[in-house]
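Single-letter residue listing:
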Amino acid sequence: LVSFILLVANILRLFFWYGKRFDPALAVQSAVMIFAQFILLELIVRCRRQGIGGVWHVTAEKQPEHVLADLEWKYFWNWDTFSSYVGFIALFSALLSSLSFFFLEEDWFVEILGFLALGIEATLAVPQWYRNFKNKSTAGFSKWLAVAWLLGDLFKTLYFGLRQLPIKFVF
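Keep in mind that what you see is a predicted model, and the values were worked out from it rather than measured.

Caption draft 1: Representation of the nonpolar core. Grouped together as the largest cluster of nonpolar side chains are 31 residues, with contacts concentrated most on Trp77 and Phe88. With 10 residues, the single largest contributor to this core is helix α1 (residues 2-19). Setting aside anything within four residues of it in sequence, one finds Phe88 in contact with Phe4, Leu68, Phe76, Trp77 and Trp79.

Next up, the structure:
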């Protein structure tokens, strides 16, 4: 789900950028993040298909393939084909493009895009928190990752404050 959160938040941020220009470096960062997430998703799908990392158990029977077109909620963002992920993001982007075509000149729409980008990205840690809660343990969660995350957010907040960027990027 982390890749889903990052893709959706960064796509929303790019649409926000078209409505309310901000530092181009942040728009480029969002585009690079989207590209990186697609690379990671393709790698994850390939590893699942090969049974690497214990994601799939190899059996004599062929595992059923779960794809976006199945429209099964329990397999949302856990599809077996890379094209399902690309398809979902394409549909999401097409929906945003359609809405933007009609509403991009409206301040309320642009502000909603920015707050959605911020709100969705703020949920980035939820999958890890849920896993820790479910396992009743933080085993496997590196304290250095937490420190790096905190330092990254502190530097990001400082950068956004000094550059006087929209409030949607400060928090």
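Caption draft 2: Here's a closer look at a nonpolar patch on the surface. On the surface, Leu95, Leu99, Phe101, Phe102, Phe103, Trp108, Ile112 and Leu116 cluster together to form a nonpolar patch covering roughly 840 Å² of accessible area. Those elements giving two or more residues to the nonpolar patch turn out to be α3 (82-103) and α4 (107-122). Looking at the nonpolar patch element by element, the count peaks at 5 residues for α3. With respect to the secondary-structure elements, Trp108 resides in helix α4. Its relative accessible area of 46% is what places Trp108 among the partly exposed residues.

Caption draft 3: Representation of unusual backbone geometry. A positive phi angle is found at Trp77, which is not glycine, with a value near 60 degrees. Turning to its location among the elements, Trp77 is positioned in the loop between α2 (24-50) and α3. You can call Trp77 buried: its relative accessible area is 6%. Here the phi dihedral of Lys136 falls at roughly 55 degrees; this positive angle occurs in a residue that is not glycine. The topology assignment puts Lys136 in the loop between α5 (126-135) and α6 (143-163). According to the relative accessible area criterion, Lys136 is exposed, its value standing at 69%.

Caption draft 4: The packing of α2 against α3, seen in detail. Their axes nearest at 9 Å, the elements α2 and α3 cross at an angle of 150 degrees. Between α2 and α3, the crossing angle belongs to the class labelled roughly antiparallel. On α3, the residues touching Phe38, Leu41, Glu42, Val45 and Arg48 of α2 are Phe82, Tyr85, Val86 and Ile89. The residue inventory of the contact of α2 with α3, partitioned by class, reads 7 nonpolar, no polar and 2 charged.

Caption draft 5: Summary view of α5. The buried fraction of α5 amounts to 1 of the 10 residues, a small share that puts the element mostly on the outside. Looking at the residues trailing α5, positive phi occurs at Lys136, about 55 degrees.

Caption draft 6: View of the packing of aromatic side chains. In the structure shown here, the tally under the stated rule is 19 aromatic pairs. Ring centres of Phe38 and Phe82 lie 6.2 Å apart, and the angle between their planes is 85 degrees; this geometry places the pair in the edge-to-face category. You can see Phe38 sitting in helix α2 and its partner Phe82 sitting in helix α3, a full 44 residues away along the chain. Residue classification places Phe82 among the partly exposed residues on the basis of a relative accessible area of 27%. Relative to Phe109, the ring of Phe103 lies with its centre 5.8 Å away and its plane at 40 degrees, an arrangement referred to as tilted. We classify Phe103 as partly exposed; its relative accessible area is 30%. Of the residues examined, Phe109 reaches a relative accessible area of 7% and is grouped as buried. Grouping aromatic residues by their ring pairs yields a cluster made of Phe4, Trp73, Phe76, Trp77, Trp79, Tyr85 and Phe88. Above the face of the Trp17 ring, Arg21 is positioned so that its terminal group lies 4.0 Å from the ring centre. When the ring centre of Phe133 is taken as reference, the NZ or CZ atom of Lys136 above it lies at 4.9 Å.

Each value, and the rule that gives it
- Throughout this document, residue positions are counted from 1 along each chain, in the order its sequence is written.
- Totals for whole chains, interfaces and linings use every residue, but because this is a predicted model, local features are given only for residues with pLDDT of at least 70 and side-chain atom pairs only at 80 or more, for both listing and counting.
- Excluding hydrogens and water, the side-chain values take into account all heavy atoms of the structure.
- Throughout this description, the term nonpolar core refers to a set of buried Ala, Val, Leu, Ile, Met, Phe, Trp, Tyr and Cys residues connected via side-chain atoms within 4.5 Å.
- Only protein chains enter the accessibility calculation, which uses a 1.4 Å probe; a residue whose area is less than 20% of its type maximum is buried, one above 50% is exposed, and one in between is partly exposed.
- A run of DSSP states H or I qualifies as a helix once it reaches four residues; a run of E qualifies as a strand once it reaches two. Both are numbered from the N-terminal end.
- Residue contacts are defined here by distance: any two heavy atoms, one from each residue, within 4.5 Å place the two residues in contact.
- To count toward a patch, a residue needs a relative accessible area over 30% and no salt bridge; like charges are then connected within 9 Å, while nonpolar side chains (Val, Leu, Ile, Met, Phe, Trp, Tyr) are connected within 5 Å.
- Only the protein chains shown count as cover for residues, and all accessible areas are computed by the Shrake-Rupley method using a 1.4 Å probe.
- A pairing counts as a salt bridge when a side-chain nitrogen of Lys or Arg comes within 4 Å of a carboxyl oxygen of Asp or Glu.
- Here, axes are lines fitted to C-alpha atoms. For helices the fit covers the stretch in contact, and angles between N-to-C directions go from 0 to 180 degrees.
- Here the angle decides the label: under 35 degrees means roughly parallel, over 145 means roughly antiparallel, 65 to 115 means roughly perpendicular, and every other value means oblique.
- Each residue gets one of three labels, nonpolar for Ala, Val, Leu, Ile, Met, Phe, Trp, Tyr, Cys and Pro, charged for Asp, Glu, Lys and Arg, and polar for the others, Gly among them.
- To pair, rings of Phe, Tyr and Trp, with the six-membered ring standing in for Trp, must have centres within 6.5 Å; the planes then decide the type, stacked if under 30 degrees apart, edge-to-face if over 60, and tilted in the middle.
- Charge-over-ring contacts are defined here by two conditions on Lys NZ or Arg CZ: a distance within 6 Å of the ring centre and an angle within 35 degrees of the ring normal.

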